[in-house]
Number of protein chains: 2
Amino acid sequence: MLHGHSRSDASSLLQSRGERATPARKAVLDILLGASSALSHADIDAQTRSRGQPLDRVTLYRVLDWLVSHGLAHRIAAEDRVWRYNVAHDQDHGHAHFRCSGCGQVFCLNELRPAFAVSLPEGFHFQQAELTIQGLCPTCNKP
Amino acid sequence: MLHGHSRSDASSLLQSRGERATPARKAVLDILLGASSALSHADIDAQTRSRGQPLDRVTLYRVLDWLVSHGLAHRIAAEDRVWRYNVAHDQDHGHAHFRCSGCGQVFCLNELRPAFAVSLPEGFHFQQAELTIQGLCPTCNKP
DNA sequence: CCCGGTCATGCAACAGGATTGCAAATATCG
DNA sequence: CGATATTTGCAATCCTGTTGCATGACCGGG
């Protein structure tokens with residue numbers, strides 16, 4: 001998987017916010033920056049492990065929570081009841097997600113900003129909407 | 001909570017499909033028919049218990065699975081990673097859900113059929129879309 | 001430079017939801 | 001009625017995620 005990010009991106013991203021750039025945070029953020037789809041805790045754990053710098057399960061959970069609460073990552077709940085994370089893109093306007101019914105991977109569709117006219121039943125108060133599209137990802141779509 | 005369903009609705013619904021109308025299925029389906037929002041396993045368990053006909057945890061899971069796989073119920077995964085169920089309404093066109101950020105309850109919005117122009121990235125194959133709206137339910141919306 | 005406090009990490013134990021295996025009970029069909 | 005298939009219940013297990021607590025790293029002030 002080719003991509004243009006390097007370790008330093010993660011560091012500088014953290015530093016530019018005046019936050020501590022600890023090894024765990026740098027590693028996790030770097031992994032997220034290099035991912036092409038949203039990653040689960042298990043995915044990230046596997047990557048830290050294969051990089052030879054395994055993190056404690058709990059530490060990983062806490063780093064992810066920290067990244068989310070500091071606006072650096074975004075957390076997605078999918079049908080399989082597993083949290084998935086990706087780097088937060090600009091605003092947190094309710095964007096759309098794509099879930100592959102073949103492999104279960106979740107992709108963020110940042111471009112897609114569907115307009116829909118919402119008319120809720122009496123008494124309901126609207127706050128935010130999220131669109132989830134299900135289908136086949138490029139890999140699973142191949143014959 | 002007033003509603004017009006009775007035990008016999010569940011029975012006849014099952015029988016009209018030529019399926020076994022066991023006590024467990026009748027009870028669960030009846031509960032679902034009388035619910036105003038999607039119910040979790042715990043919700044349904046509590047109701048069977050308060051009715052004096054408690055079901056085994058596992059039996060309840062299996063009855064729910066059975067109902068879903070036979071098109072009688074619909075299963076929803078919410079942010080809290082708890083399955084919720086409601087009676088399946090006609091077609092299974094991807095409909096919309098409302099999740100209350102106050103109490104966590106999930107409501108099915110059967111009427112809402114938002115139109116959105118989906119243009120997926122190259123290689124992705126569309127199957128179905130689902131809209132989740134977050135906000136406050138009538139109860140939590142009261143001052 | 002060192003001390004004291006704050007923040008981060010790791011380990012262990014736990015929690016809650018859901019699933020699996022297996023045996024007993026129940027229903028269906030010939 | 002008896003053979004067969006389906007349902008139910010119980011126990012044990014799994015999987016994801018959390019909490020408590022002690023240790024270790026970092027930072028800022030003297």
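Residues numbered from 1 in each chain as written. Chains lettered and ligands numbered in written order. Predicted model: local features only at pLDDT ≥ 70, side-chain atom pairs only at ≥ 80, totals over all residues. Heavy atoms only, no water.

A. How the structure looks around the interface of chain A and chain B. Taken together, the contact between chain A and chain B spans 37 residues of the former and 36 residues of the latter. Summed over both sides, the interface between chain A and chain B buries roughly 3000 Å², with carbon and sulfur atoms accounting for 60% of that surface. Among the residues of chain A in contact with chain B, E79(A), R81(A) and F124(A) are the three that bury the most area, contributing 19% of the side total. Across the chain A-chain B interface, the total number found is zero salt bridges. (Contact = heavy atoms within 4.5 Å. Buried area = accessible area lost by both parts, 1.4 Å probe. Salt bridge = Lys/Arg side-chain N within 4 Å of Asp/Glu carboxyl O.)

B. Quick look at the state of the cysteines. Residue and element names in this part refer to chain A. What the rule picks out here adds up to zero disulfides over all chains. Here C100 stays free of any disulfide, with the sulfur of C103 as its closest cysteine sulfur at 3.6 Å. According to the relative accessible area criterion, C100 is buried, its value standing at 1%. (Disulfide = S-S within 2.5 Å. Buried < 20%, exposed > 50% of the residue type's maximum accessible area, 1.4 Å probe, protein only.)

C. The arrangement of the pattern of salt bridges in detail. All names here are of chain A. Counted according to the given criterion, the structure contains six salt bridges over all chains. Between D30 and R51 there is a salt bridge, with the nearest N and O atoms lying 3.1 Å from each other. Of the two residues, D30 is situated in helix α2 (residues 23-33) and R51 in the loop between α3 (41-50) and α4 (57-69); the sequence distance between them amounts to 21 residues. Take D30: its relative accessible area is 7%, and that puts it in the buried class. (Helix = DSSP H or I, 4+ residues; strand = E, 2+ residues; numbered from the N terminus.)

D. Summary view of the relation of the copies chain A and chain B. Once chain A has been moved 0.0 Å along the axis and rotated by 179°, it coincides with chain B to within an RMSD of 0.3 Å. Put plainly, the chains are arranged around a two-fold axis. The overlap is high: 97% of the interface residues of chain A also sit at the interface in chain B, so the same surface is used on both sides. (Least-squares fit on C-alpha atoms with pLDDT ≥ 70 in both.)

E. Fine view of the environment of L33(A). Mapped onto the secondary structure, L33(A) falls in helix α2. As a C-alpha pair, L33(A) and A73(A) span 40 residues in sequence and 9.7 Å in three-dimensional space.

F. Quick peek at the protein's contact with DNA strand D. The immediate surroundings of DNA strand D are formed by 20 residues, with R57(A), W83(A), T22(B), R25(B) and R62(B) found nearest. Counting only the atoms of DNA strand D within 4 Å of the protein, the fraction contributed by sugar and phosphate is 60%. Contacts to DNA strand D include R25(B), whose side-chain N or O atom sits 2.5 Å from a phosphate oxygen. Contact distances for DNA strand D include 3.0 Å between a phosphate oxygen and a side-chain N or O atom of T59(B). Elements supplying a minimum of two residues to the surface near DNA strand D: α4 of chain A together with α2 (23-33) and α4 (57-69) of chain B. Sort the elements by how many residues they give to the surface near DNA strand D and α4(B) lands first, with five residues. (Near = heavy atom within 4 Å. Polar contact = N/O pair within 3.5 Å; in protein donor to acceptor, adjacent residues only side chain to side chain.)

G. Region of the structure containing the packing of α3(A) against α4(A). Residue and element names in this part refer to chain A. In the contact formed by α3 and α4, the axes pass within 11 Å of each other and the chain directions differ by 115°. Judged by the sense of rotation from one axis to the other, the crossing of α3 with α4 is right-handed. Here α3 contributes H41, I44 and D45 to the contact with α4, which in turn contributes R57, L60, Y61 and L64. (Axes fitted to C-alpha atoms, helices over the stretch in contact; angles between N-to-C directions. Left-handed = near helix turned anticlockwise from the far one by under 90°.)

H. Main features of α4(A). Residues and elements named next belong to chain A. Counted at 1.5 Å a residue, the expected span for α4 with its 13 residues is 18 Å, and the 18 Å between its end C-alpha atoms agrees. Of all the positions in α4, only L60, V63, L64, W66 and L67 are classed as buried. Summarising the axial view, the buried residues of α4 lie within an arc of 160°, below the 170-degree limit, and thus occupy one face. Facing away from the buried side of α4, by more than 90 degrees, are the exposed residues R57, R62 and S69. Capping the start of α4 is the job of one residue whose side-chain oxygen sits 2.9 Å from the backbone nitrogen of V58: D56. (Expected span 1.5 Å × (residues − 1). Arc of directions from axis to C-beta.)

I. Here's a closer look at the protein's contact with DNA strand C. DNA strand C sits among 20 residues. The nearest are T22(A), R25(A), R62(A), R57(B) and W83(B). Within 4 Å of the protein, the contacting atoms of DNA strand C are 58% sugar and phosphate, with bases supplying the remainder. The separation between a sugar or linking oxygen of DNA strand C and a polar side-chain atom of R20(A) is 3.2 Å. One of the side-chain N or O atoms of Y61(B) is found 3.1 Å from a phosphate oxygen in DNA strand C. For the surface near DNA strand C, the secondary structure elements donating two or more residues are α2 and α4 of chain A together with α4 of chain B. The greatest single-element share of the surface near DNA strand C, amounting to five residues, is contributed by α4(A). Per-class residue counts for the surface near DNA strand C are nine nonpolar, three polar and eight charged. (Nonpolar A, V, L, I, M, F, W, Y, C, P; charged D, E, K, R; others polar.)

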